[in-house]
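Close look at the chain arrangement
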Amino acid sequence: MKGVSHNGKALLVGVGLYIVILGPIIPVIIQSFAFQWHWPDLLPRVWWWSVRADSTFPLAWDYVLSPYSHVFEAAGNTLFISLSVTLLALILCLPAARVLVSPHFKWKTQILSLFTLPLIVPEMALALAFLAVFIPLGLAGTYTGIIVAHLIPVLPYMMRVLVSVYQGLNPAVVEQAQLLGASRWQRLVHITIPLLLPGILAGCLFTLLVSSNIFLITFLVGQGRVETLPTLLFSKIGGGALDATAAGLTLIAMIPGFILLLATERHIRDYQRVGAVGRSIDGSHR
Amino acid sequence: MNLLRNALVLTGLLSGSLIAATPTDQIAFRTAFLDGQLPWESVSTAARSEGAIDFYYWGGDDRLNVWLERTVAPDLEKLGVTLRPHRITATSDVVDLVLTEARAGKGLGQGSVDAIWVNGENFYTLAQQDLLFGSFAQKLPNAAWFDWDENSAGGSLNLYDFGYPTQGREMPWSGEQYVCAVNRSLMAEAETPHTFAELERWLEANPGTFTYVKPPHYLGNTFVQEALYEMSPEGAQGFQQPLDSFTPESLARLLAPGMAYLKRIAPLLAQARNGIPRYPENESALMQLFQNSQTAMECQFGLYHVATKRASGQMPDNTEEIIFPRHNMIKNKNYLVIPSNAPHPAAALVFTNYMSSVAAQKSKLAAVGYPLGLDLWMLSAADQAAMVEAMPPHFGVTQAALDSHIAPDTHASLVRVIESLWQSVVLQGSETPIATLVEQAMSQSK
Amino acid sequence: MSRQHWLSLSPVLLVMLLMTLGTLLFAVGQSLGYAPQYGINHFPTLRYYELLVAQPSVAMSLGLTLYYAVVATFLALVMGFLLAMALLRVGRHHQWLHYVYKFPLMVPYLVGIALVIVLFGQGGLMARLSYALGWIDRPDDFAALLYSHYGWGIILVYLWKQVPFMALSIYVVLLGIPEQTQDAARLLGASRWQRWRYVVVPQVMPGILSAVLICFAFNVGAFEAPFILGGGFPDTLPVLAWRLFTDPDYGQRLSGMAVLVTMGAMLLVTVWVASLLSRRANRWQRISA
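Notes on the structure follow.

**Quick look at the packing of aromatic side chains**
Scanning the model with the defined rule gives 42 aromatic pairs over all chains in all. Here the aromatic rings of Phe33(A) and Trp61(A) are separated by 5.9 Å at their centres, their planes lie at 45°, and the arrangement is tilted. Taken as a pair, Phe33(A) in the loop between α2 (25-32) and β1 (34-36) and Trp61(A) in helix α4 (residues 60-64) lie far apart in primary sequence, 28 residues in all. A relative accessible area of 28% places Phe33(A) in the partly exposed class. Between Tyr212(B) and Trp422(B), the ring centres sit 6.2 Å apart and the planes meet at 70°, which makes this aromatic pair edge-to-face. One end of the pair, Tyr212(B), is in the loop between α8 (196-205) and α9 (218-231); the other, Trp422(B), is in helix α17 (residues 415-427), and 210 residues separate them in sequence. Per residue, the accessibility class of Tyr212(B) equals that of Trp422(B), and both read buried.

Here's what the structure looks like:
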């Protein structure tokens, strides 16, 4: 009986969620296949496929999936930048996290507070400040500049996940291995890394997520020279309208998020992900 | 001495395929070219060795994007130059970029911008800041298709951009006319306004069915200019003088009636709440209102825009063009300009020359729907016929009618003052006397 | 503190200090008049701040920014809380529920903006449905959800992204409360309300507070949604800053910097005060319980 009522409630919650969160995607899909869909029609008056053969110009999906839309270039840039940022963040944060959790270290709270700064300061302030510094350095509009700029919003997340990962690492396990005669290398490869790996993966996925969704920093620091999916989407819908090609682009911009959703749900425990971030601006660490 | 120097330049350029041209070479190249000493073959060869051209242009038109990458890029490859199109959202950003790079000490051959699609205010800024490559336009082979005669009526747009002399520093690329389109299911033929006075009467009877793009966007500026022309006693001619030929009082007298009109109709515009309209920020927002049948009429640059938008499904099938406002439809040209710190100057010249060719202008006309930049009467009869053939159709008006109601832009130096005045008087509803506001705006422009 | 410790720490510290504090100091310097790249050096001067204060529209921009931020954060908290409670009841048995509600967290804000445009624009799907149902006659009659200063379009975008975020934060924190403490309290005779007030809430507060502060800070500093969906002049502070920053007049750009510095300072103070208060409340709770 309890199972049935759970199912019923779950169904209600689930359907409600679907409608509210995912429902709006349906009109976007329809728009991406429309040629003429104006007020007050509930469905397109003329569909894309009925006119595409006669048109001298690629319409809707023909345009979006063509090289002219720059969608593949943007997707490639997004991937490249977020992977580079993730790698860099990992290299920077991993050794630092280890130090931060070591019991003799006195500055943990203060340093972690430093890392909350990018979460509070407006993204525009950071982006314009970077721009002011990067232009004389010649980094504005370069991949390097964008990757370095992306680091700042990303480091708080990577740092917190890694700190919590190291906190969860029980030194006793490593010590036991040492007592049993394992060499430093063996301890590292067979004990430490496998224990850390899920957390590191979590941090990486999180970083990929944050970096691939960044718009303002890429837009300002990149000065329009590097297109990512968010900046491409902005150039299409910045006018406040959603035509067929913009709709197609929106759908494509959802793909990385969708992939990351599948990846994170399988690899991360909820606790690790948000609990780490939630712990905290007020400085209480448990 | 000249001969020796040119021989050295030529040798340097011909061997340029082995060694990259240094800035000194390129400066010598520029001097030689602008002096008229360089045959076009050397320019082509130099362009081949430079290999690429960075073209910065407004990327909001998908047709243009496709044409550039589908038609222009392969043609330029055949000339040995790789086209690198950079889509931007605002031309002023690129002007800024050129300025910043120049300030950072980057001269010819060291910047990042080879060519920009500009007109009006942006060209004026570049010229004032001395950021232009030089007077190259009439030295291009394809300059033969343009009328450079000071005295001919048609030549003026090649020589003056917003009333400011181009001096051949920019090459005309497309012509344009500010055209209004109406939704025939919302506005019948009989009630169509053809002057601003008639528009006001239409709005009183049908409030909320029209609006215009918000200045300082150039689409908004142009609408404001047309209103100023009709409402001012001197008409368009009064606005052709530069800013320093006016005193605050004389300028205020010129601008006041038009501004008063725009302020009067503001509460009648679309999306007005408590008498304050929300002006669309750009063409896309303006079109959205029109597509939703919220507005019955919209105005923008685009001689053939109704044809192209009907073909891409953005406008319903009953959209027509109208003649509005009578005798004050602003017609201008837009241009390709080469900045002073272009990294590939020879390639930029080859690019500009290609864009001015009969073939490129015709394919642009047919594929993108941009009116011709070259002058039809300079072409052979056969070419003229081919061009007319390639022109997109008009709906509800004839080309002859559109040609007979044209007016020029205001002088470039007046644009900023007009923008600022519109912001104060119409947008913010300031009660300050117009002469005072004009004086403030004039002092800021100095 | 060994040298090895500093060696491991210094790269990331260097990056953070240089890029965050360093560039922000640079921004502060610019707002105070030090901008050699523009050929301006009036440092130190408050004139760019004075220019802002002199315009009444800036105060309106501030008001609008706070209004959108507070309303959106509050609604996100309430709705997120309800969602978290629902998930707590049924989520453990139905994994697929977790995929659905987390989707908005994974995509850029611009996607949310696109969804709101297509649904709630004046010519959007909701308006057309209303017309089909006979509720309205013209697109204008559909409440201008998006482009008015009431900003419901903006708030909807924030909610679409932040309700899942709040729900996730609250859910995770609620999960973390060991059953034992609640059971112990029940055994000791505490009522449901008392269990809630003295056991659950103190443990849950810090996590929820962080989430609220993050959302609030984001909403104050957000650019895309107010820019695309906002009501025009007067804009929110970030949009105002951007407009000032793209002005060819360099003095205006420095005013733009001043706007951003003010916003940043405001937010930092808010967060600091909130964290102080929460720590005090925590201490009090533990003492009194």
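**Quick notes on the state of the cysteines**
Tallying each qualifying case throughout the model produces 1 disulfide over all chains. Residue Cys93(A) stays outside any disulfide, its sulfur separated by 10 Å from that of Cys204(A), the closest cysteine.

**Some words on the pattern of salt bridges**
Under the defined criterion, the tally for this structure stands at 17 salt bridges over all chains. Across the pair Asp41(A) and Arg45(A) runs a salt bridge whose closest N-O atoms are separated by 3.2 Å. A residue is classified by how much of its surface remains accessible, and Asp41(A), at 16% relative accessible area, is buried. A salt bridge links Asp75(B) to Lys78(B); the shortest N-O distance between them is 3.4 Å. Taken together, the residues Asp75(B) and Lys78(B), both in helix α4 (residues 62-78) and 3 residues apart, mark about one turn of the helix. Classification of Asp75(B) as partly exposed rests on a relative accessible area of 24%. Three or more residues are tied together by salt bridges with common partners; here these are Lys214(B), Glu281(B), Asp235(C) and Arg243(C).

**Thoughts on the pairing of strand β6 (residues 170-183) of chain B**
All names here are of chain B. Counting buried positions along β6 yields 14 of 14 residues, so the element is predominantly enclosed. Bridge count between β6 and strand β9 (residues 297-301): 5 bridges; the pairing is antiparallel. Among the inter-strand pairings, Ala 181 is bridged to a residue of β9, identified as Glu 298. Relative to strand β10 (residues 319-322), β6 runs antiparallel, the two being bridged by 4 bridges. Bridge pairing in β10 links Val 182 to Glu 320.

**Focus on the interface of chain C and chain A**
Listed as interface residues are 92 residues of chain C and, on the opposing side, 92 residues of chain A. Of the roughly 8100 Å² buried between chain C and chain A, counting both surfaces, carbon and sulfur atoms make up 81%. Together, Met16(C), Met106(C) and Arg128(C) form the three largest contributors to the area buried by chain C at its contact with chain A, with a combined 9%. If you look at where chain C meets chain A, you find 0 salt bridges. Viewed at the interface, chain A and chain C are joined by 5 residue pairs in polar contact (both at pLDDT 80 or more). Here the side of chain C that touches chain A gets 18 residues from one element, more than from any other, and that element is helix α1 (residues 3-31) of chain C.

**Comments concerning the pairing of strand β11 (residues 329-337) of chain B**
Each regular strand shows side chains that alternate between the opposite faces of the sheet. All names here are of chain B. With respect to burial, β11 is a largely interior element, 8 of its 9 residues being buried. As judged from the 3 bridges shared by strand β3 (residues 115-118) and β11, these two strands associate in the antiparallel manner. What sits directly across from Ile 116, in β11, is Val 337. Here β6 pairs with β11 via 7 bridges, running antiparallel. Bridge assignment links Gly 175 to a residue of β11, and that residue is Lys 333. Here β11 pairs with strand β12 (residues 406-407) via 2 bridges, running parallel. In the strand pairing of β12, Met 329 is matched with Ile 406.

**Considering the packing of α8(B) against α9(B)**
Residues and elements named next belong to chain B. Direction vectors running N to C along α8 and α9 enclose 110°, while the axes themselves pass 10 Å from each other. The angle between α8 and α9 places the two elements in the roughly perpendicular class. On α9, the residues that touch Phe 196, Ala 197 and Leu 199 of α8 are Phe 223, Glu 226, Ala 227, Glu 230 and Met 231. Classifying every residue of the contact of α8 with α9 by side-chain character gives 6 nonpolar, no polar and 2 charged.

The rules behind these values
- Residues numbered from 1 in each chain as written.
- Chains lettered and ligands numbered in written order.
- Predicted model: local features only at pLDDT ≥ 70, side-chain atom pairs only at ≥ 80, totals over all residues.
- Heavy atoms only, no water.
- Phe/Tyr/Trp six-rings, centres within 6.5 Å; stacked < 30°, edge-to-face > 60°.
- Helix = DSSP H or I, 4+ residues; strand = E, 2+ residues; numbered from the N terminus.
- Buried < 20%, exposed > 50% of the residue type's maximum accessible area, 1.4 Å probe, protein only.
- Disulfide = S-S within 2.5 Å.
- Salt bridge = Lys/Arg side-chain N within 4 Å of Asp/Glu carboxyl O.
- Pairing = 2+ DSSP bridges.
- Contact = heavy atoms within 4.5 Å.
- Buried area = accessible area lost by both parts, 1.4 Å probe.
- Polar contact = N/O pair within 3.5 Å; in protein donor to acceptor, adjacent residues only side chain to side chain.
- Axes fitted to C-alpha atoms, helices over the stretch in contact; angles between N-to-C directions.
- Parallel < 35°, antiparallel > 145°, perpendicular 65-115°, else oblique.
- Nonpolar A, V, L, I, M, F, W, Y, C, P; charged D, E, K, R; others polar.

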